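Analysis of the macromolecular model
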Amino acid sequence: MRRETIRLSPRGKTIYQLLSLIVALLPLYAAGFIASALYQLSNQPLVGLVEAGVIERVTGHAFQLLILSGLVSAGLMMAGDGISVSSVIWLRRLWTGLVIVSVAASPLVVGAALDLAAAIALLLLLAASYRLGSRSVYLRAWQFGLLLIAVSLVAAQLFDGRALEALRSFLLQVAYPIAGLSVMFWLMRRYSRVEADWAADGLRIVTLLVFLAGGLISLGRLGLPALVSLGATPLIPLCFISLAGHSYRALSSRNENASLARHWIAAATLLWLVGGGFLGALSVQPAINLAMRGTDLAQAQDWLAGWVSLAIVLAFVNESASSLRGGNRRVTGYVPLWLIIFGVALASILLACRGLVQIYLRDVAAVDASAMPELLLPLTVVWIVCLLAVAAGVVTYALGFWLRRPRIVVVES
């Protein structure tokens, strides 16, 4: 296949290198969640090859680096000429070095050290971005989200038990999504005809709603008073319905943009409604939260929340790569989109079913935990098949991006 040649400024080339870094992390994350799922089988085929704890640590860190790399790239793109080319190049080198070292060290180094390194890098990036003379509402929301992420990563080292669980939920339900919202609304101005003032006001409103709803979901991991949980039950879905309404307006007034960014944003919105609006409202009920603890029902909620942020990152990669290449063309196709969307949705359903069966076997049938993998085997096999579809979509996405990579010629203007 003959590679297309495009002309980019040094800033544009640096952004494109960061997009390539994001795509390079995708297969690692896919391999990680498939390997983790294989440990749920009764015979555990990977026993003796690699420890389950190592796989979980590598997978979790690959996911974290994927999200953060997308957010860092988006922030540099949103900052535009407000940040110098030399600073962009320096930050790209810093972040790429951190990613390479973190990936190489994740099988050997405890997660706390890697989280602290990521937090320090984010704080350095925030310090550089705060020196900008003028900041848009998108950049301010991005900075707020990154600050929450950095604080959460540091605070997670100080707690354990239910407090640590709540902090991890806060990261998935509040910190990542708020930074992602800045990217989502920034993208709206590129794939739809919505007015700039409406997008800016909408971002402020939705950021507040997600902070409220996600905060309640996170506090639910600690156990909310009955009266508070009763009030939170209708409030949480309403917050996410309002978010979906803002997203729908942008999606329904689309322009001629040919990238698949709006499709990924639509997927993120649907996952938000299910994982945040539905499961989030259930999880704040004390009795339900207690039953969910330690089961795959809680994992289904976290899986959906994680893919909300990942879908926004993939939307950013699609739109930014298309914009940098010019020509208003798709960078990746529909095959990875449908494989990932349907795979994530079906895997979530199977995880929830596994969780419900686990609750029954544990609390009603009083089955010993060692016997559960064998009893859950049919659901586990179907769940792994769904994960294989997601992994196929992720690999297809990466291959499509890689095979269509252009040859970049750097020009000064």
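Residues numbered from 1 in each chain as written. Predicted model: local features only at pLDDT ≥ 70, side-chain atom pairs only at ≥ 80, totals over all residues. Heavy atoms only, no water.

A few points about the packing of helix α1 (residues 10-38) against helix α3 (residues 85-105)
Quick reminder of the rule: Between the N-to-C directions of two axes lies an angle of 0 to 180 degrees, each axis being a line fitted to C-alpha atoms and, for a helix, fitted only over the stretch in contact. Strands are runs of DSSP state E lasting at least 2 residues, helices are runs of H or I lasting at least 4, and numbering of each runs from the N terminus. Should an angle lie under 35 degrees it is considered roughly parallel, over 145 roughly antiparallel, and from 65 to 115 roughly perpendicular; all remaining angles are considered oblique. The hand of a helix crossing depends on one turn: near helix anticlockwise from the far one by less than a right angle means left-handed, and clockwise means right-handed. By the convention used here, residues are in contact when the closest approach between their heavy atoms is within 4.5 Å. Nonpolar residues are Ala, Val, Leu, Ile, Met, Phe, Trp, Tyr, Cys and Pro. Charged residues are Asp, Glu, Lys and Arg, and all others, Gly as well, are polar.
The N-to-C vectors of α1 and α3 enclose an angle of 15 degrees; their axes lie 9 Å apart at closest approach. In terms of their interaxial angle, α1 and α3 are classed as roughly parallel. Regarding α1 and α3, the two cross each other, and that crossing is left-handed. Listed contacts from α3 to P10, R11, T14, Q17, L18, L21, L25 and L28 of α1 are V85, V88, I89, R92, W95, T96, V99 and V103. A class-by-class count of the residues in the contact of α1 with α3 yields 11 nonpolar, three polar and two charged.

Some details on the pairing of strand β1 (residues 5-8)
This is how the line gets drawn: Only protein chains enter the area calculation, which uses a 1.4 Å probe; residues under 20% of their type maximum are buried, those over 50% are exposed, and those in between are partly exposed. For two strands to be treated as a pair, DSSP must find at least two bridges joining them.
Where burial is concerned, the two faces of β1 differ: the one with I6 and L8 is buried and the one with T5 and R7 is not. Strand direction decides the pairing type here: β1 and strand β2 (residues 407-410), joined by four bridges, are parallel. Note that in β2 the partner of R7 across the bridge is V409.

A word on the packing of aromatic side chains
Note the cut-off: Two aromatic rings from Phe, Tyr or Trp, using only the six-membered ring of Trp, form a pair when their centres are within 6.5 Å; if the ring planes differ by under 30 degrees the pair is stacked, by over 60 it is edge-to-face, and anything between is tilted.
Scanning the entire structure with this criterion turns up 12 aromatic pairs. On the numbers, 5.8 Å between centres and 40 degrees between planes, the contact of Y29 with F63 is tilted. Separated by 34 residues along the polypeptide, Y29 in helix α1 and F63 in helix α2 (residues 52-79) bring together distant segments of the chain. A residue is classified by how much of its surface remains accessible, and F63, at 13% relative accessible area, is buried. When the ring of W303 is compared with that of W307, the centres are 6.1 Å apart and the planes differ by 65 degrees; the resulting orientation is edge-to-face. With W303 and W307 both in helix α11 (residues 296-325) and four residues apart, the pair spans about one turn of that helix. The same class applies to W303 and to W307, which are both buried. Clustering of aromatic rings is evident, with ring pairs tying together Y29, F33, F63, Y176, W303 and W307.

Digging into the environment of A261
Checked against the element boundaries, A261 lands in helix α9 (residues 261-283). Under the relative-accessibility criterion, A261 is labelled buried at 0%. Residues A261 and L251 lie 10 residues apart in sequence; the distance between their C-alpha atoms is 10 Å. Every residue in contact with A261, bar those within four places of it in the chain, is listed here: Y191, A315, N318 and E319.

Observations concerning the nonpolar core
General note: in soluble globular proteins, nonpolar side chains tend to be found buried as a group. Using the following cut-off: Think of a nonpolar core as a cluster: buried Ala, Val, Leu, Ile, Met, Phe, Trp, Tyr and Cys residues, connected wherever their side-chain atoms sit within 4.5 Å.
Ranked by size, the top nonpolar core spans 128 residues in total, and within it L19, W95, I149, W303 and W307 carry the most contacts. Here W307 is in contact with Y29, L271, L314, I340, V344, V390 and V394, once residues within four sequence places are set aside. In this structure, L297, A298, A352 and I359 belong to the second largest nonpolar core, which totals six residues.

Points about the side chain of S152
Structurally, the position occupied by S152 is in helix α5 (residues 137-155). With residues near it in sequence (within four places) discarded, S152 still touches F170, L171 and A175.

A few points about the pattern of salt bridges
Stated precisely, the cut-off is as follows: By salt bridge we mean one thing: a side-chain nitrogen of Lys or Arg within 4 Å of a carboxyl oxygen of Asp or Glu.
Scanning the entire structure with this criterion turns up nine salt bridges. For R193, the salt bridge is made with E256, and the minimal N-O distance between the two is 2.9 Å. Linking R193 in the loop between α6 (161-191) and α7 (196-220) with E256 in the loop between α8 (226-252) and α9, this pair joins segments that are 63 residues apart in sequence. Across this residue pair, the class does not change: R193 and E256 are exposed.

What to know about α6
The condition is simple: To estimate the expected span of a helix, count its residues, drop one, and scale the result by 1.5 Å. To obtain the bend at a residue, axes are fitted to the seven residues ending there and to the seven starting there, and the angle between these axes is taken.
Over its 31 residues, α6 extends 43 Å from the first C-alpha to the last, a length consistent with the 45 Å expected when each residue adds 1.5 Å. Its axis deflected by about 40 degrees at L171, α6 carries its strongest bend there. Burial analysis of α6 places 24 of its 31 residues in the buried class, the great majority of the element.

Comments concerning helix α12 (residues 334-364)
For α12, which comprises 31 residues, the first-to-last C-alpha distance of 44 Å matches the rise-based estimate of 45 Å (1.5 Å per residue) to within 8%. A366, located one to two residues past α12, shows a positive phi value of around 55 degrees.

Comments concerning the packing of α11 against helix α14 (residues 377-403)
Across the interface, α11 lies against α14 with an axial gap of 12 Å and an inter-helix angle of 20 degrees. Viewed along their axes, α11 and α14 adopt a mutual orientation that is roughly parallel. By crossing handedness, the relation of α11 to α14 is classed as left-handed. On α14, the residues touching W303, W307, L314, V317, N318, A321 and R325 of α11 are L387, V390, V394, Y397 and F401. Within the contact of α11 with α14, the residues separate by chemical class into 10 nonpolar, one polar and one charged.

Notes on a nonpolar patch on the surface
In plain terms, the rule: Candidate patch residues must exceed 30% relative accessible area and have no salt bridge, after which like charges are joined if within 9 Å and Val, Leu, Ile, Met, Phe, Trp or Tyr side chains if within 5 Å. Every accessible area reported is derived by Shrake-Rupley at a probe size of 1.4 Å, with residue values counting cover from the shown protein chains alone.
A cluster of nonpolar side chains, Y334, W338, F342, L346 and I349, forms an exposed patch at the surface whose accessible area comes to about 520 Å². Tracing the backbone shows F342 in helix α12.

Topic: unusual backbone geometry
Even without being glycine, A366 reaches a positive phi, approximately 55 degrees. In this fold, A366 is placed in the loop between α12 and α13 (372-375). When its relative accessible area of 62% is taken as the criterion, A366 is described as exposed.

Considering the environment of R140
Residue position: R140 is located in helix α5. For the pair R140 and S129, spaced 11 residues apart in sequence, the C-alpha to C-alpha distance is 9.6 Å. In this view, R140 contacts R135 and R204; residues no more than four positions away in its chain are not counted.

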